[in-house]
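For reference, the chains in residue letters:
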Amino acid sequence: PQFVRDLGKSVVWLSPNMYKVNYHRMKKIVEEQAGYMLPMGVEHPFVVRTIREFFDKDPLPPADSYGVPVGSGVALAGILQHLTGKEKVFGVCTRPVNSVQQVVNRYIKHDGLSLVHETESSVAPFPHHSFWEGQAWFWLEKHLPLLGKRTCFVNLGNHTYPKG
């Protein structure tokens, strides 16, 4: 977007989905400039819109229900804007459900949304973050029989890309 280009040299481009590497790289740069880092999940309409546009361009597969790991609710709001509103969406929260609901409500109303809180986790059969996706996967495994024939787990935290 133009407002990012306008920032010029103060923008540092990062490798996608390399959280630990990017965190340490940015921490060093920020400390060298006597700055401070913002926490993940910073809420801004641009972020929600960008997430929706990403999924509009590369849609989630059709499903009766979706399981989404949720931190702040920002990514979930973008995903809900992408979906039709007719499907069931289970947001598995790592923070208080009320807090997530407030964030989501600022951007969209989705009648099929259910937010749940999970503290236990399990190891999923794909690359994932042990906290966010691990807890969501644990919840999904316990409730899979109730979710419908076609269920999609949305893995937001870790993707494996081919090398080269």
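Below is a summary of the structure that appears in this document. (Residues numbered from 1 in each chain as written. Predicted model: local features only at pLDDT ≥ 70, side-chain atom pairs only at ≥ 80, totals over all residues. Heavy atoms only, no water.)

Let's shift gears to helix H5 (residues 97-105). Where H5 is concerned, the buried positions are Val100, Val103 and Val104. One face of H5 carries all of its buried residues, which in axial projection span an arc of 95°. Elements that come into contact with the buried residues of H5 comprise strand S1 (65-70), helix H4 (74-82), strand S2 (88-93) and strand S3 (113-117). (Buried < 20%, exposed > 50% of the residue type's maximum accessible area, 1.4 Å probe, protein only. Helix = DSSP H or I, 4+ residues; strand = E, 2+ residues; numbered from the N terminus. Arc of directions from axis to C-beta. Contact = heavy atoms within 4.5 Å.)

We now examine the packing of H4 against H5. Contact geometry of H4 with H5 gives a least axis separation of 9 Å together with a crossing angle of 45°. With respect to each other, H4 and H5 are oriented oblique. As for how H4 packs across H5, the hand of that crossing is right-handed. Counting all contacts with H4, which are made through Val74, Leu76, Ala77 and Leu80, the residues of H5 involved are Val100, Val103 and Val104. (Axes fitted to C-alpha atoms, helices over the stretch in contact; angles between N-to-C directions. Parallel < 35°, antiparallel > 145°, perpendicular 65-115°, else oblique. Left-handed = near helix turned anticlockwise from the far one by under 90°.)

This part covers the side chain of Thr94. With respect to the element layout, Thr94 can be found in the loop between S2 and H5. Looking at Thr94, its side chain comes within polar contact range of the side chain of Trp132, at 3.5 Å. In this view, Thr94 contacts Val70, Gly71, His117, Phe131, Trp132 and Gln135; residues no more than four positions away in its chain are not counted. (Polar contact = N/O pair within 3.5 Å; in protein donor to acceptor, adjacent residues only side chain to side chain.)

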